[in-house]
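If you want the building blocks of each chain, they are given just below.
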Amino acid sequence: MASTILPLELVDRCIGSPIWVLMKNEREFTGTLMGFDDYVNMVLKDVKEYEVTPEGITETELGQTLLNGNNIAMLIPGGKGPKA
Amino acid sequence: MSSASPQPEEAAAAAGSPSEFLKNIVGKRVKVRIGSGVDYHGLLTCLDGYMNVALEETEEWANGRKTAEYGDCFLRGNNVLYISALEDL
């Protein structure tokens, strides 16, 4: 059995790498993780915002962004986003 | 950044972190998106740990169109989805 790893430790290992963030609603972000805090508010750079609708996926590019942790549901280290 | 991390939160609370970001972004032009998807582009005057935000020379954008302009604008932090830099930090 692998040694246990804490969730926040996993996120911390992801700093400097690409990450895929899924919100509670139909919205997703990809970008490079710069850092985060105890509330899992996240600082990302080279960000793409995806709005997922029945009609398709809207993509927006953003610079350095502070993402409010309130609506974050899931983090995928190294994830490429909904269009990959 | 601290080395060996028995407390990974400490390592995260260094350079790239939210508090650092907030220090660096005051005075810059930002886009603040709120939960409804409406955007506010403006000069970031100040903000706090609750993500309450004060902007100057603000444009309100909804559905890809400018819907309003405000000289001064205060956004309550609980509504903020993200704060994004429109210029290089």
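Identification of chain B as U6 snRNA-associated Sm-like protein LSm6 from Kwoniella shivajii is taken from an unreviewed UniProt entry. Per UniProt, chain B carries the Sequence similarities (unreviewed entry) text "Belongs to the snRNP Sm proteins family. SmF/LSm6 subfamily." According to the UniProt record, the Subunit (unreviewed entry) comment for chain B is "Component of the heptameric LSM1-LSM7 complex, which consists of LSM1, LSM2, LSM3, LSM4, LSM5, LSM6 and LSM7. Component of the heptameric LSM2-LSM8 complex, which consists of LSM2, LSM3, LSM4, LSM5, LSM6, LSM7 and LSM8. The LSm subunits form a seven-membered ring structure with a doughnut shape."

Taking an unreviewed UniProt entry as the reference, chain A is identified by name as LSM complex subunit LSM5 belonging to Kwoniella shivajii. UniProt, in its Subunit (unreviewed entry) section for chain A, records the words "LSm subunits form a heteromer with a doughnut shape." For chain A, the Subcellular location (unreviewed entry) comment in UniProt is given as "Nucleus".

For the rest of this paragraph, the subject is the UniProt feature "domain: Sm" (unreviewed entry) in chain A. Taken from the UniProt record, the annotation "domain: Sm" (unreviewed entry) applies to residues 6-81 of chain A. Secondary structure over residues 6-81 of chain A splits into 9% helix and 58% strand, and the C-alpha atoms at its two ends are 24 Å apart.

Here is what the cut-offs are and how they apply
Residues numbered from 1 in each chain as written. Chains lettered and ligands numbered in written order. Predicted model: local features only at pLDDT ≥ 70, side-chain atom pairs only at ≥ 80, totals over all residues. Heavy atoms only, no water. UniProt positions renumbered as here; feature names shortened; annotations may be inferred. Helix = DSSP H or I, 4+ residues; strand = E, 2+ residues; numbered from the N terminus.

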